[in-house]
Amino acid sequence: MDNNNMNQPNQYPDFPYAQNIPVKKTPADSLISMSYLFGICAILSAVTMTIYFPFILGGISIIFALLSKGMEKNLAKKAKIGIACSIVGLVLNVCIVVGSVYTVLTNEEMFNQFNTMYEQIYGESFTDMYEDAYGTEFPFS
Amino acid sequence: MNTYKSSEQLKALAKTQLFGKYGIVVGAIALSRLITFGLNSFSAIFSNTSSAVGFFIDILFTFFILLFSGLLTAGEAYVFLSVTCGATPKASDVFYCFTHNPDVVLVLQFTKTVAQLIPLIPAFILLYAGLYTQNLVWVFPTCICTIIGGILSIYFSLSLSQIFYILLDFPEYSAKQIISLSKTIMKGHKFRLFYIMVSFLPYYFLGIISCFVGFLWIIPYQNATYTNFYLDLMRNRALKEA
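Since this is a predicted model, take the numbers as computed values, not measurements.

Criteria and cut-off values
- Residues numbered from 1 in each chain as written.
- Chains lettered and ligands numbered in written order.
- Predicted model: local features only at pLDDT ≥ 70, side-chain atom pairs only at ≥ 80, totals over all residues.
- Heavy atoms only, no water.
- Helix = DSSP H or I, 4+ residues; strand = E, 2+ residues; numbered from the N terminus.
- Buried < 20%, exposed > 50% of the residue type's maximum accessible area, 1.4 Å probe, protein only.
- Contact = heavy atoms within 4.5 Å.
- Salt bridge = Lys/Arg side-chain N within 4 Å of Asp/Glu carboxyl O.
- Core = buried A, V, L, I, M, F, W, Y, C linked by side-chain atoms within 4.5 Å.
- Patch = residues over 30% accessible without salt bridge, like charges linked within 9 Å, V, L, I, M, F, W, Y side chains within 5 Å.
- Areas by Shrake-Rupley, 256 points an atom, 1.4 Å probe, with all protein chains shown as cover.
- Axes fitted to C-alpha atoms, helices over the stretch in contact; angles between N-to-C directions.
- Parallel < 35°, antiparallel > 145°, perpendicular 65-115°, else oblique.
- Left-handed = near helix turned anticlockwise from the far one by under 90°.
- Nonpolar A, V, L, I, M, F, W, Y, C, P; charged D, E, K, R; others polar.

Novice: Just checking my understanding: could you explain the environment of B:Leu193 for this structure?
Specialist: Residue and element names in this part refer to chain B. Within the secondary structure layout, Leu193 lies in helix α10 (residues 190-198). Residue classification places Leu193 among the buried residues on the basis of a relative accessible area of 2%. Spatially, the C-alpha atom of Leu193 lies 9.1 Å from that of Ser161, the residues being 32 residues apart in sequence. Excluding anything up to four places from it in sequence, Leu193 contacts Leu158, Ser161, Gln162, Met186, Tyr226 and Phe229.

Printed below as a string of structure tokens:
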């Protein structure tokens, strides 16, 4: 199937710039565009450290790109860019999350700040909560 | 001559058929799954598995929800048969089987649920015995029974996988005829369907990564592929008979 209508007879055969006439959008094009858009949004949301959004946007972007393939042999160029952007966004997000957790657990000053914030929100510090729940001291404190 | 479509061909066909219809099918799936999720949540709130009676009441309630969800599953089959045959259904068509042959749907769903659950009964009993006695001796037999029961359950589930499509195609058939036809057409094709099911695992991974939002598009794609599988079986059956 030709999702991009490339093999359709030209509507204006005598028009000298016929090849520049925009082709009609197909439903596959909207999936490809959404994949491209969500892929870029995944990177942007990873950079802004929103944690959940890069996972949601990146995952959906890859799904849209794969669904846009239809009966074509290869993915459209924009869909491939969408997948690449999503993977970059997802990897970046995982690195940011792992890096943040590692920094908080290894840096005493950061851990104290985290404990203070936790106490302000939940009324009990994180280490106290851990000790209450598991009966042992928090290993990284 | 083998004229059956491959897994890739069926999936490509499903993707193409769904172009421009995602709004409708996503709405239908969301509607159906939200109702089932609501009922399951209601059951989970009031379930009490701390006693043997509570445990079995919980299983019984889950069984009734499964039975009711059959009406919605058959409705989903109707929506996807419409899509794969080129028609444009409505999201509310998931309720189609509430007014068309609901008695047959309930009998079929009952048969399918019983066929899926019976092989797992020994595992349930051993699991409860293990939980009740708090003894690790029960772990190994429970695992063995779960594996064997799981394999048998998948086998029966594959045999009866086409019942709702057959019901919608042949509304004049009785439940017995439908079950018999489903077993007949699935003979020699169970592994093909199992392979198609397993081939969706990478999509499930993407669905989980996207915090389950992606399943709104994955489930329609999966269901459209299963519907194409059914249509492919019936087309080849007709070719053989001709």
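Novice: Honestly, the pattern of salt bridges in this entry has me stumped. Any pointers?
Specialist: Should their charged atoms come close, side chains of opposite charge can pair. All names here are of chain B. Evaluated as defined, the whole model comprises four salt bridges over all chains. Asp232 is paired through a salt bridge with Arg192; the nearest N and O atoms lie 3.3 Å apart. Residue Asp232 is located in helix α12 (residues 215-241), and its partner Arg192 is located in helix α10; the two are separated by 40 residues in the primary sequence. A salt bridge links Arg237 to Glu241; the nearest nitrogen and oxygen atoms lie 3.6 Å apart. In this pair, Arg237 and Glu241 both sit in helix α12, four residues apart, roughly one turn of the helix. Salt bridges here are not isolated pairs; linked through shared partners, they connect Arg192, Asp232 and Arg235.

Novice: Help me understand unusual backbone geometry, please; the structure alone is not making it clear to me.
Specialist: Backbone phi values are negative for most residues with the exception of glycine, while trans is the configuration of most peptide bonds. A positive phi angle, near 60°, is found at A:Ile51, a position not held by glycine. Given the relative accessible area of 42%, A:Ile51 is considered partly exposed. Even without glycine at this site, B:Gln134 takes up a positive phi of about 55°. Its place among the elements puts B:Gln134 in the loop between α6 (121-133) and α7 (139-159). Given a relative accessible area of 69%, B:Gln134 falls into the exposed group.

Novice: Looking at this model, I keep getting lost on the nonpolar core. Mind explaining?
Specialist: It is characteristic of soluble globular proteins that their nonpolar side chains tend to be buried jointly. Counting 65 residues, the largest nonpolar core has B:Leu18, B:Tyr22, B:Leu108 and B:Trp217 as the members making the most contacts within it. Here this core takes 11 residues from α12(B), the largest share from any one element. Ignoring sequence-local partners within four residues, the contact set of B:Trp217 consists of A:Ile60, A:Ile63, A:Phe64, A:Leu67, B:Tyr22 and B:Val26.

Novice: I keep staring at the environment of A:Val101 and nothing clicks. Help me out?
Specialist: Residues and elements named next belong to chain A. With respect to the helices and strands, Val101 occurs in helix α3 (residues 77-106). Given a relative accessible area of 46%, Val101 falls into the partly exposed group. Residues Val101 and Phe111 lie 10 residues apart in sequence; the distance between their C-alpha atoms is 9.7 Å.

Novice: For this particular structure, what's the right way to read a nonpolar patch on the surface?
Specialist: Side chains of B:Ile118, B:Ile121, B:Phe124, B:Ile125, B:Leu127 and B:Leu131 sit close together on the surface and give an oily, nonpolar patch of about 530 Å² of accessible area. With respect to the helices, strands and loops of the structure, B:Leu127 is situated in helix α6.

Novice: What is the right way to read the packing of helix α1 (residues 27-47) of chain A against α3(A) from this model?
Specialist: For any two helices packed against each other, the geometry is given by the interaxial angle and the distance between the axes. Residue and element names in this part refer to chain A. In contact at an axis separation of 8 Å, α1 and α3 are set at 20° when each is read in the N-to-C sense. Relative to α3, α1 is oriented roughly parallel. Of the two elements, α1 crosses α3, and the hand of that crossing is left-handed. Here α1 contributes Ile32, Ser33, Ser35, Tyr36, Gly39, Ile40, Ala42, Ile43, Ala46 and Val47 to the contact with α3, which in turn contributes Lys78, Ala79, Ile81, Gly82, Ile83, Cys85, Ser86, Val88, Gly89, Leu92, Asn93 and Ile96. Of the residues belonging to the contact of α1 with α3, the class tally is 14 nonpolar, seven polar and one charged.

Structural measurements only, silent on function.
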